[in-house]
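Given next are the chains, with one letter for each unit.
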Amino acid sequence: KSTDSKTLQAEKRIRALVKKSKNLQDLMTRLKADKLKRKKNESESVSTTPAETKKSTAPLISKARGTLPYPAVGRLVGRYGQAMETGLTRTGITIETGVGAQVVVPHDGTVVFAGPFKGYGRLLIIEHGEGYHTLLAGLERIDNVIGQQVLSGEPAGIMGDLKNGPPVLYVELRRNGQPINPVPWLAARKSKVNG
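Anyway, here's the lowdown on the structure attached to this text. Note that the coordinates shown come from a computational prediction; the quantities given were computed from them, not determined experimentally.

What about the layout of surface pockets?
Empty space within the second largest pocket amounts to approximately 340 Å³. Met 84, Arg 90, Gly 119, Tyr 120 and Tyr 170 are, among the 13 residues lining the second largest pocket, the residues nearest its centre. If you list the elements that add at least two residues to the lining of the second largest pocket, you get strand 6 (132-139) and strand 10 (168-175). With three residues, strand 10 is the single largest residue contributor to the lining of the second largest pocket.

Examining unusual backbone geometry
In this structure, Glu 130 takes a positive phi of about 60° despite not being glycine. The topology assignment puts Glu 130 in the loop between strand 5 (121-129) and strand 6. Not every positive phi belongs to a glycine, and Asn 176 is a case in point at roughly 50°. Residue position: Asn 176 is located in the loop between strand 10 and strand 11 (178-180).

Looking at the nonpolar core
Counting residues in each nonpolar core, the largest one holds 26 residues, and the members touching the most others are Ile 93, Val 103, Leu 124, Leu 136, Leu 139 and Leu 169. When residues of this core are traced back to their parent elements, those giving at least two are strand 2 (93-97), strand 5, strand 6 and strand 10. Counting residues in each nonpolar core, the second largest holds 17 residues, with Ile 14, Leu 31, Val 112 and Leu 123 among its members.

Some words on the sheet that holds strand 7 (residues 141-142)
The strand order 3-9-7 describes an open sheet built from three strands, whose pairing is antiparallel. Two strands lie at the open edges of the sheet, namely strand 3 (102-104) and strand 7, each paired on one side alone.

Quick word on the packing of aromatic side chains
Counting across every chain of the model gives four aromatic pairs. A centroid spacing of 6.2 Å and a plane angle of 85° characterise the contact between Phe 113 and Phe 117, whose relative ring orientation is edge-to-face. Note on accessibility: Phe 113 and Phe 117 belong to one class, buried. Taking 6.2 Å as the distance between ring centres and 50° as the angle between the ring planes, the aromatic pair formed by Tyr 120 and Tyr 170 counts as tilted.

A closer look at the pattern of salt bridges
Inspection of every chain in the model, using the stated rule, returns nine salt bridges. For Arg 38, the salt bridge goes to Asp 34, with nearest N and O atoms at 3.0 Å. One end of the pair is Arg 38 and the other is Asp 34, both in helix 2 (residues 24-44) and four residues apart, which spans about a single turn. Of the charged contacts, one joins Glu 140 and Lys 163 as a salt bridge, the two residues approaching to 3.7 Å between their closest N and O atoms. You can see Glu 140 sitting in the loop between strand 6 and strand 7 and its partner Lys 163 sitting in the loop between strand 9 (155-158) and strand 10, a full 23 residues away along the chain. Among the residues examined, Lys 163 registers a relative accessible area of 58% and is labelled exposed. If you follow the salt bridges from partner to partner, you end up with Arg 13, Asp 34 and Arg 38 in one network.

Each value, and the rule that gives it
Residues numbered from 1 in each chain as written. Predicted model: local features only at pLDDT ≥ 70, side-chain atom pairs only at ≥ 80, totals over all residues. Heavy atoms only, no water. 1 Å grid on protein atoms, 1.4 Å probe; cavity = no way out; pocket = protein on both sides within 12 Å on 5 of 7 lines; lining within 4 Å. Points joined across faces, edges and corners; volume = space filled by probe spheres on them. Helix = DSSP H or I, 4+ residues; strand = E, 2+ residues; numbered from the N terminus. Core = buried A, V, L, I, M, F, W, Y, C linked by side-chain atoms within 4.5 Å. Buried < 20%, exposed > 50% of the residue type's maximum accessible area, 1.4 Å probe, protein only. Pairing = 2+ DSSP bridges. Phe/Tyr/Trp six-rings, centres within 6.5 Å; stacked < 30°, edge-to-face > 60°. Salt bridge = Lys/Arg side-chain N within 4 Å of Asp/Glu carboxyl O.

Now the structure itself:
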């Protein structure tokens with residue numbers, strides 16, 4: 001399939017970007033530059049094969065504030081803006097999940113990164129448009145590939161086991177490359193959630 005070779009090309013290109021990236025901010029900058037470069041190249045050579053895409057009926061992410069599903073069921077153990085032992089400030093939230101917990105896509109988008117990244121374990125980055133990205137880190141398994149169109153609520157991956165303590169999912173929401181508090185974007189949770 002030509003889709004498989006495109007996925008392999010994308011993964012090879014992204015692996016090269018990862019090697020050059022000093023940190024997460026640098027990776028985000030490189031992903032954006034890569035996208036702009038590819039858009040320019042695509043507009044110069046008109047594609048003859050239509051890409052596989054799922055039609056989204058979800059509103060723009062800017063209109064979805066307060067309605068996004070939590071990416072995993074669990075207990076919020078790290079809050080945005082909280083000081084960490086390292087002296088840095090937390091730029092996302094941390095959810096302690098159950099063993100093998102299902103992680104879901106919080107909003108429609110395109111997978112722009114899926115794989116291991118410096119100190120984040122397995123990292124999934126989903127681009128939602130309008131300059132927004134969701135970053136999900138700490139997964140044991142990622143169920144998506146680079147370039148894949150994903151819909152809100154679809155499986156994104158699975159959390160691990162207890163070998164290093166309870167599994168924790170790190171969630172970041174970024175707008176134009178800068179971390180923003182994801183909590184106001186998420187739907188209010190019930191006191192008891194099953195999943």
